[in-house]
Amino acid sequence: VSRFPDGVIMEADYSQLEVIGLAYASGDATLRADIIKGIDLHCMSASFLYDVPYTTVKNAVVQGDPDWTAKRKKAKGPSFQLQYGAGAYSISQNCNITVDEAKKFISNYYSRYPGVKAWQDNNIEKVRKSRQPSQHRTQKGLPAGTGELQSETGRIYRFIEQDAPDWSDRQTDFSPTQIKNYPVQGLATGDIVPMMLGILFDNFYGDPDVLLINTVHDSILFDVSDDVNHKEVANNIKSIMEKAPQYFNSRFNPKIKFDLPLKAEVQWGKSWGQMTETL
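Residues numbered from 1 in each chain as written. Predicted model: local features only at pLDDT ≥ 70, side-chain atom pairs only at ≥ 80, totals over all residues. Heavy atoms only, no water.

1. Re the sheet that holds strand S6 (residues 210-216)
Alright, step 1. Ordered in space as S6-S7-S1-S8-S9, the five strands form an open sheet in which the pairing is antiparallel. Either end of the sheet is taken by a strand with one partner, and the two such strands are S6 and strand S9 (274-278). Adjacent strand axes in the sheet meet at a mean angle of 30 degrees when their direction is disregarded.
Alright, step 2. In the sheet, strand S1 (residues 8-14) pairs with strand S7 (residues 219-224) via six bridges, with the strands oriented antiparallel. (Pairing = 2+ DSSP bridges. Helix = DSSP H or I, 4+ residues; strand = E, 2+ residues; numbered from the N terminus. Axes fitted to C-alpha atoms, helices over the stretch in contact; angles between N-to-C directions.)

Okay, structure coming up:
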């Protein structure tokens, strides 16, 4: 709750930041184009999960069909799980769908976005090729090597080998889940969000009515007093956050360029659990 008598808690977060990070990092042309065109990626995920055309899902959701609205919501789970590096079995367990449904979803996803799969596979091979001996041991007591991957922004991810699954022809291997997930999360909530946190802090520094108080994943929280216009503050925050690509390009190596749109949503209310206004 706000420390101000009639103040509000304000939360600003990016829309689909992880999938935009995935599109940027992987360079998949279709995923990039879908984001730029404003395709509803959750409707696209529903089309993957239920194996129907995207337009069928989109039109039904736009018309307010409760069945497809619920299916769109359900399809978010497999989409996020796949982006986080989960396989068919994990997706089925975490999202309450069958393994066959999860496999179909993955097949449809990679058929549309083959560049994502190629990028993920290439990163796995890079880490394997970078393997160096170490003092680490797996849970079974086998020697575990280390490998690494470096992002365009200079972030270095280090991985430790684990016991390979029973079905693998390897005794030890690096976790494909970690290798798929870390570069996306590192870009989204490791590079972009902290960069914008600093910019927002600088913008409101010394303002007694707008206090930056916390960050949770891709959300940034403010405590805003009743002495200012809440909608104006929200507009200011939204405007700054949506300039993230130009801040990114001015702060990192000029040879890399973030050229995808980042949209932010700002909500506020009497408490973090009761957001009644949205911009």
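There's plenty left to go through after this.
2. Focus on the nonpolar core
Alright, step 1. If you look at the biggest cluster of nonpolar residues, it comprises 67 residues, and the most contacted ones within it are Met10, Leu31, Tyr109, Ile192 and Ile237.
Alright, step 2. No other element matches helix H9 (residues 176-204), which puts ten residues into this core.
Alright, step 3. Other than its neighbours up to four places away in sequence, leucine 31 contacts Val19, Leu22, Ala23, Leu41, Tyr109, Tyr113 and Val116. (Core = buried A, V, L, I, M, F, W, Y, C linked by side-chain atoms within 4.5 Å. Buried < 20%, exposed > 50% of the residue type's maximum accessible area, 1.4 Å probe, protein only. Contact = heavy atoms within 4.5 Å.)

3. Observations regarding the pairing of S1
Alright, step 1. Of all seven residues in S1, seven are buried, a share of seventy percent or more.
Alright, step 2. Burial along S1 is two-sided: Val8, Met10, Ala12 and Tyr14 facing one way and Ile9, Glu11 and Asp13 facing the other are all buried.

4. Some points on the packing of aromatic side chains
Alright, step 1. A full pass over the atoms with the stated rule returns 15 aromatic pairs.
Alright, step 2. Relative to tryptophan 68, the ring of tyrosine 50 has its centre 5.7 Å away and its plane inclined at 90 degrees; by these criteria the two rings are edge-to-face. A residue pair is termed long-range when its members are at least 10 positions apart, and tyrosine 50 in helix H3 (residues 41-50) and tryptophan 68 in helix H5 (residues 66-83) qualify at 18 residues.
Alright, step 3. Judged by its relative accessible area of 12%, tryptophan 68 falls in the buried class.
Alright, step 4. With a centroid separation of 5.1 Å and an interplanar angle of 70 degrees, the aromatic rings of tyrosine 109 and tyrosine 113 are classed as edge-to-face. Each of the two residues, tyrosine 109 as well as tyrosine 113, counts as buried.
Alright, step 5. Linked through ring pairs, Phe48, Phe105, Tyr109, Tyr110 and Tyr113 together constitute an aromatic cluster.
Alright, step 6. The ring centre of tyrosine 110 lies 5.9 Å from the NZ or CZ of lysine 117, which sits over that ring. (Phe/Tyr/Trp six-rings, centres within 6.5 Å; stacked < 30°, edge-to-face > 60°. Lys NZ or Arg CZ within 6 Å of the ring centre and 35° of its normal.)

5. Quick look at the pattern of salt bridges
Close approach of charged atoms allows side chains with opposite charge to pair.
Alright, step 1. Within this structure, the stated rule accounts for 14 salt bridges.
Alright, step 2. Across the pair aspartate 259 and arginine 32 runs a salt bridge whose closest N-O atoms are separated by 3.0 Å. Here the residue aspartate 259 occupies a position in the loop between helix H11 (244-251) and strand S8 (264-271), and arginine 32 occupies one in helix H2 (residues 29-37), the gap between them amounting to 227 residues.
Alright, step 3. The network of salt bridges with common partners includes Glu125, Arg128, Arg170 and Asp173. (Salt bridge = Lys/Arg side-chain N within 4 Å of Asp/Glu carboxyl O.)

6. Quick word on the packing of H9 against helix H10 (residues 230-241)
Alright, step 1. Closest axis-to-axis distance for the H9/H10 pair is 10 Å, and the angle between their directions is 140 degrees. One finds that H9 runs oblique with respect to H10. For the element pair H9 and H10, the recorded crossing hand is right-handed. Taking contact as the criterion, the partners of Met196, Ile199, Leu200, Asn203 and Phe204 in H9 are, on H10, Asn236, Ile237, Ile240 and Met241. (Parallel < 35°, antiparallel > 145°, perpendicular 65-115°, else oblique. Left-handed = near helix turned anticlockwise from the far one by under 90°.)

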